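The chain contents come next:
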Amino acid sequence: MTMWLLIRVSGTYLQRLRLTLPGRCSLDHSMSFSVGSRKTTHRSRVSCSLRSSSKPQPWALSYRPLFLHTPTCTRMPIAFAGSSATSRATLSTGAEKSQSDTGIIQPKTPVPLNDVKRILGLAQSEKWRLTAAVGFLAVSSAVSMSAPFFLGKVIDTIYNSAADTDTMTASLTSLCITLTGVFLCGGAANAARVYLMQISGQKIVRNLRASVFSSILTQEVAFFDRNRTGELINRLSADTAIVGRSVTDNLSDGLRAVAQAIAGVSMMFYVSPSLAGFVLMIVPPLAILAAGYGRYLRSISKCTQEALAEATQLAEERIGNLRTVRAFGKELSEVSAYTQKTDEVLSLAKKEAVLRAGFFGATGLSGNIMILSVLYKGGLLMASHHMTVGELSSFLMYTFWVGISIAGLSSFYSEMMKGFGAGTRLWELLDRKPEFPLNEGLVLPTDQIRGHIEFCDVSFAYPTRKEASIFKNLSLVVPAGTVMAVVGSSGSGKSTMVSLLLRLYDTDLGNITIDGYDIRDLNPYWLRSQIGTVSQEPVLFSTSIRENITYGAVNPDAVTTEEIYRVARVANAYEFIQAFPNGFNTVVGEKGILLSGGQKQRIAIARALLKNPVILLLDEATSALDAENESLVQEALERLMDGRTVVIIAHRLSTIKNADAVAVLDQCRVAECGQHLELLSNKDGLFRKLMEKQAFLQEEHSRALG
Ligand SMILES: Nc1ncnc2c1ncn2[C@@H]1O[C@H](COP(=O)(O)OP(=O)(O)OP(=O)(O)O)[C@@H](O)[C@H]1O
């Protein structure tokens, strides 16, 4: 018996472990679990013993993290193997399963030093602009920090020469003119810094997005079976923006805060060492508070991003399939499902709000206490003539500056922690190597390719469902230039054969060859360029018809208009395309929504014609069409099939009469293979049974229609 378990959440501090059992399943004895120490909990083992009297079903096991540390939100199917009614298993969570085992992106515990290096490494491409920005930052900070000193001088000038109006006016005027000039320089330097930082930030985000997008697109297809699209898109859009902001704005604000805090403290010691020593006693507790706050914020941020990704995934899927949602009248329930997901984000935001409120309340209070202390102690120093009124004013201003800088530092710290959280999610994606590279391997001279296909003893199970074999020792030969129809009941693996031939997945055992070459030795790009596909639901992109047709060409820009018209005519598409007001420039809408099924297919056929492949895979190409469309598409297909090796996957057995051979899939292998009539003549044969079943169903259908 094989059972499956879905692990929902694993976390560092386990608070609760809940197992939801399907009907008629019981727990053998109470479940035990052990959790390692703080550092090693990602290796923690959860053991349980289960008894099932029913068929295997997905069991949900959920952990609740005690607090917010490294909560990972992944689903991981775990197989229970056993032959009796009771199965025992030890489950490992988190990082113990390597990426190659599961393919699921497992969030790692961030290693701050590495993350710091990687995040800073992103700034490498913009080093000159950023260096200039740091230069301007130094100028503007120097101006800001000198201001209290000179303002103190102004106050002393006013105070000391109060009796002599002329002297005071002259001194005041010259001081104010000088200060205005200095402030102007500071303002200009600050503007330059902001501009340069913005430009660099956008460029870094652009580069990062390109790398992440490229990493996503080059992953093997099985990766997308395991990872959710919405989650990947969230990484591509939101996480890259957060990381980009960390390297530029946050870093520059942080540098400024550090520079100003150091300069401010130095100036405080310069103005009055005793007062400075007294005031700065408050800094260490503040720093400890800031460190703790930043740590918690990082955890919350990572959780928020994950919760947001789930909500995005749901929204994207439902909006993309709005017609289905509408047809079932599920708008309200979908809104409530989405709200539930965003509630998770909200509850995390509440935790963040509590943290922020506590932290900013504490820092505000500390700041005010600092000011009060300065006034109190400074007043005493003034009374004993150890300080002038200007010095006390300067000192107060520096105290403000230092307070603001420390507050800036803590928000810098929290933003950087957010950046590390987002960065960790990006590195996982960027570091992931696809199972096989897209552009390595043999490239054969095109004129030598004949298109002889062989499946030799192929065994295969989808990586996400390793327990369910799709093929076991399947063998099939499709001689070059012939048409092979593949039939079989639903779920027998017809489409899977196409996926294997395109090398979207690798076989577990056995091999597939084209002209004697194992497809694993061939360059995947090249291999796919030799294979054309037309499916029941051809995918068109939201661009013009012209671009959708030229998508099939290696170099779309080199395709001439005459060539496009030619393939459109052969595909019976020219007339209807020209009937649109914008002709070939008509934009077809998302997934080609503005076109009918038959029109989409004829465009897909034109695209395949332009590709001029040696091998053609037709997956249920005409099954969804009405009679008129079908004859147009069929005619176009026949022209496309001419002179190529063709594999047709067909449900309607009447459409494959002209195939050179028919292969019938059953129970993970080719049960029958031969010519149409030959297979029909075998009374006990599977093909004959399928034909009879289909004929019977058709008769029933016609009778029902009257
Ligand atoms: N990406 C996938 N991951 C896991 N299992 C899959 C995946 N795609 C298909 N399967 C499973 O593989 C089996 C064969 O599917 P396949 O689509 O090849 O069948 P088919 O013969 O083309 O079916 P139909 O005629 O209904 O289109 C099915 O049981 C299906 O559930």
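Residues numbered from 1 in each chain as written. Predicted model: local features only at pLDDT ≥ 70, side-chain atom pairs only at ≥ 80, totals over all residues. Heavy atoms only, no water.

Caption draft 1: Local environment of the confidence of the model for the protein. On average, the protein scores 76 in pLDDT, and the residues at 70 or more come to 80%. In the model, residues 1-111 has pLDDT below 50 throughout and makes 247 contacts with residues more than four positions away in sequence or in other chains. Across the assembled chains, the prediction reports ipTM 0.97 with pTM 0.67. (pLDDT = per-residue confidence, 0-100. Contact = heavy atoms within 4.5 Å.)

Caption draft 2: The arrangement of the sheet that holds strand 14 (residues 531-535) in detail. If you trace the six strands from one edge of the open sheet to the other, you get 14-15-16-11-17-18, paired in mixed fashion. Looking at which strands have only one partner, the edges of the open sheet turn out to be strand 14 and strand 18 (669-674). Recorded for the sheet is a direction-independent mean angle of 20° between the axes of neighbouring strands. Of the pairings in the sheet, the one linking strand 11 (residues 483-488) to strand 16 (residues 645-649) comprises four bridges and is parallel in character. Counted as the bridge partner of methionine 484 is valine 647 from strand 16. The strands that helix 12 (residues 494-501) touches are strand 11, strand 14, strand 15 (615-619), strand 16 and strand 17 (661-666); relative to strand 11, the one it contacts most, it runs at about 135°. (Pairing = 2+ DSSP bridges. Helix = DSSP H or I, 4+ residues; strand = E, 2+ residues; numbered from the N terminus. Axes fitted to C-alpha atoms, helices over the stretch in contact; angles between N-to-C directions.)

Caption draft 3: Layout of the site of the ligand. As a matter of local geometry, the ligand sits amid 15 residues, with Ser490, Lys494, Ser495, Thr496 and His651 nearest to it. At a separation of 2.6 Å, an oxygen atom of the ligand approaches a polar side-chain atom of serine 490. A distance of 3.2 Å is found between an oxygen atom of the ligand and a backbone nitrogen or oxygen belonging to serine 492. Coverage of the ligand by the protein chains reaches 68% of its 640 Å² of free accessible surface. Residue composition of the shell around the ligand, grouped by class: three nonpolar, nine polar and three charged. (Near = heavy atom within 4 Å. Polar contact = N/O pair within 3.5 Å; in protein donor to acceptor, adjacent residues only side chain to side chain. Areas by Shrake-Rupley, 256 points an atom, 1.4 Å probe, with all protein chains shown as cover. Nonpolar A, V, L, I, M, F, W, Y, C, P; charged D, E, K, R; others polar.)

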